[in-house]
Amino acid sequence: MSDLTEKIQRLKKEKNAVICAHYYVDGEVQDVADYIGDSYYLAKIASKVKEDVIVFCGVSFMGESAKILNPTKTVLMPDPDADCPMAHMADPETIKKMREQYEDLAVVCYVNSNAVLKACSDVCVTSANALKIVKELPNKNIYFIPDQHLASYIAQQVPEKNILINPGYCPIHHELSADAVKAEMRRHPDAQVLVHPECPKDVTDLADYAGSTSGILEYAKKSDAEEFIICTEKGVFHELRKQNPKKQFYMVGEGQCCEGMKRITLQKVADALELCKTETVIDEKLRQDAEKPLQKMLELSK
Ligand code: 13P
Ligand code: SF4
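Residues numbered from 1 in each chain as written. Chains lettered and ligands numbered in written order. Predicted model: local features only at pLDDT ≥ 70, side-chain atom pairs only at ≥ 80, totals over all residues. Heavy atoms only, no water.

### Regarding the nonpolar core
Basically, it comes down to this: The criterion is simple. A nonpolar core is a set of buried Ala, Val, Leu, Ile, Met, Phe, Trp, Tyr and Cys residues joined through side-chain atoms within 4.5 Å. Relative accessibility under 20% of the residue-type maximum defines a buried residue, over 50% an exposed one, and the middle range a partly exposed one, all with a 1.4 Å probe and only protein chains included. The contact criterion used throughout is that any non-hydrogen atoms of two residues lie within 4.5 Å.
Ranked by internal contacts, the top residues of the largest apolar core, which has 82 residues, are Ile19, Phe56, Cys57, Phe144 and Met297. Here Met297 is in contact with Tyr40, Ala43, Val111, Val123, Cys124, Val125, Thr126, Asn129 and Ile133, once residues within four sequence places are set aside.

So this is what it looks like as structure tokens:
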């Protein structure tokens, strides 16, 4: 164990803290975490944590969700500037106009969104539960924010609904091109193609499986295939290789890299625990408004 890892373990006990990490952070950060998962799993876990402090190794909307769902805990972000650009790619004014236009509108908010957008929404979803939740909503008209690609992916599967699409996107998945995936497919003709639904339609159309980060991990583990082309952020390779040491995983081109997630380092985790300066703070009224759609997601995904 490195000195830094030892220090983190010691501080964790001293402060009665747990470390949550998304699969997109660096492998060495994932290795010090008590809980590693996709956005849905981490929101669920964060809502139940009993310890006093949650160190959230991810981007700011994830720390916000933890604080919204478990407000008496101290939520520390190792790097408060670790942000997700997509989390800001919708706006409350447009939501208001859409509500005026469609009487029965349900605003469905991908968790990759800031607290203000959540507070304007009816229910949150993640890529792991969006289809189930959208299907269960009684509303015909659904305004899906902020991700256009997840929205289109869901829309294809629920033709009975009118899904109104907001033009947001995740920069790294949005830029993953079908031509680049096809080039990998030519290089590895026996490989299965596993795709995150934040990718554009022409990429998900190439998928043997499309789903959340955890879904991709589960599929790779259960599959008899021995080779996989992975169309999502490269942090996930750490767990894929750990769980499947005999299988081969290929990146598309140089691989997809989320700048926000990669800001989290072991040193910053240790500093956050030691100094307790990078706490997530949310106005109480905003927190209560944003909690409703998050709680509704947890209920509907049971
Ligand atoms: P999931 O964790 O739901 O797979 O989403 C991926 C992502 O972009 C997280 O920021
Ligand atoms: Fe946001 Fe994309 Fe990074 Fe996820 S991978 S945090 S959606 S920028």
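### Some points on the pairing of strand E3 (residues 53-57)
Along any regular strand the residues' side chains alternate between the sheet's two faces. Rules: In DSSP terms, a helix is any run of H or I states spanning at least four residues, a strand is any run of E spanning at least two, and both are numbered starting from the N terminus. In short, DSSP must find at least two bridges between two strands for them to pair. Seen with the strands pointing away from the viewer, any crossover whose path from the first strand over the helix to the second strand runs clockwise is right-handed.
Among the five residues in E3, five count as buried, and that is most of the element. Side chains of E3 alternate between two faces, with Val53, Val55 and Cys57 and Ile54 and Phe56 buried alike. Both strand E1 (residues 17-22) and E3 contribute to a ladder of five bridges, which runs parallel. Paired with Cys20 across the two strands is Phe56, which belongs to E3. Here three bridges tie E3 to strand E4 (residues 74-76), and the two strands are oriented parallel to one another. Its bridge partner being in E4, Val53 is matched across the sheet by Thr74. In terms of handedness, the path from E3 via helix H4 (residues 60-69) over to E4 forms a crossover that is right-handed.

### Side note on the site of ligand 1
Inclusion rule: In this text, near means that some heavy atom of the residue lies within 4 Å of the molecule or strand in question. Polar contacts here mean pairs of N or O atoms no more than 3.5 Å apart (in protein, one a potential hydrogen donor and the other a potential acceptor; neighbouring residues in sequence count only if both atoms are side-chain atoms). Every accessible area reported is derived by Shrake-Rupley at a probe size of 1.4 Å, with residue values counting cover from the shown protein chains alone.
Neighbouring residues of ligand 1: 14 residues in total, closest His22, Ser39, Ser127, His196 and Thr213. Contacts to ligand 1 include Asn112, whose side-chain N or O atom sits 3.2 Å from an oxygen atom. With respect to ligand 1, the side chain of His196 contributes an N or O atom lying 2.9 Å from an oxygen atom. Taken by itself ligand 1 offers 290 Å² of open surface, and the protein chains cover 96% of this.

### Looking at the pattern of salt bridges
Applicable threshold: For this analysis, a salt bridge means a side-chain nitrogen from Lys or Arg found within 4 Å of a carboxyl oxygen belonging to Asp or Glu.
Applying the stated criterion across every chain yields a total of 16 salt bridges. Note that Lys262 and Glu233 form a salt bridge whose closest N and O atoms lie 2.8 Å from each other. Highlighted residues: Lys262 in the loop between strand E12 (248-250) and helix H14 (266-275) and Glu233 in the loop between strand E11 (227-231) and helix H13 (236-243), separated in sequence by 29 residues.

### A closer look at the packing of helix H1 (residues 3-15) against H14
Each pair of packed helices gets described by two things: the angle between the helix axes and the distance between those axes. Selection rule: Each axis is a line fitted through C-alpha atoms, and for a helix only the stretch in contact is used; angles between axes span 0 to 180 degrees, taken between their N-to-C directions. Each angle is binned into one of four classes, with values under 35 degrees roughly parallel, values over 145 roughly antiparallel, values of 65 to 115 roughly perpendicular, and all other values oblique. A crossing counts as left-handed when the near helix is turned anticlockwise from the far one by less than a right angle, and as right-handed when that turn is clockwise.
Between H1 and H14, the shortest axis-to-axis distance is 9 Å and the interhelical angle comes to 25°. As the angle between them shows, H1 and H14 are arranged roughly parallel. The handedness of the crossing between H1 and H14 comes out as left-handed. Seen from H1, the contacting residues are Leu4, Thr5, Lys7, Ile8, Leu11, Lys12 and Lys15; seen from H14, they are Leu266, Gln267, Val269, Ala270, Leu273 and Glu274.

### Some words on the packing of aromatic side chains
Selection rule: Each aromatic pair joins two rings of Phe, Tyr and Trp (for Trp, the six-membered one) with centres within 6.5 Å, and gets the label stacked for planes under 30 degrees apart, edge-to-face for over 60, and tilted for any other angle.
Throughout the structure, instances matching the rule amount to two aromatic pairs. Ring geometry for Tyr209 against Tyr219: centres 4.9 Å apart, planes inclined by 20°, an arrangement best described as stacked. Taken as a pair, Tyr209 in strand E10 (residues 209-210) and Tyr219 in helix H12 (residues 213-222) lie far apart in primary sequence, 10 residues in all. Their ring planes at 15° and their centres at 5.3 Å tell us that Phe228 and Phe249 sit as a pair that is stacked. Taken together, the residues Phe228 in strand E11 and Phe249 in strand E12 connect sequence positions 21 residues apart. Here Phe249 falls in the buried class, since its relative accessible area comes to 4%.

### As for the pairing of strand E8 (residues 162-165)
Of the pairings in the sheet, the one linking strand E7 (residues 141-145) to E8 comprises four bridges and is parallel in character. Counterpart to Asn141 in the pairing with E8 is Asn162. In this view, the connection linking E7 to its parallel neighbour E8 by way of helix H8 (residues 148-157) has right-handed handedness.

### Topic: the sheet that holds E10
Across a sheet, paired strands are connected by hydrogen bonds in the backbone, their directions being either parallel or antiparallel. With respect to topology, four strands assemble into an open sheet ordered E10-E9-E11-E12, the strand pairing being parallel. Strands with a single pairing partner mark the edges of an open sheet, and in this sheet they are E10 and E12. Pairing between strand E9 (residues 192-195) and E10: two bridges, direction parallel. In the sheet register, Leu194 faces E10, and the bridge partner there is Tyr209. On top of the sheet, H12 reaches E9, E10, E11 and E12; it is set at about 160° to E9, its chief contact.

### Thoughts on the state of the cysteines
As a reminder of what qualifies: By definition, disulfides here are pairs of cysteine sulfur atoms that lie within 2.5 Å.
Tallied over the full model, the rule gives zero disulfides. Just so you know, Cys20 is unpaired, no disulfide at all, and the nearest cysteine sulfur is the one on Cys57, 8.2 Å from it. The exposure class assigned to Cys20 is buried, which follows from its relative accessible area of 0%.

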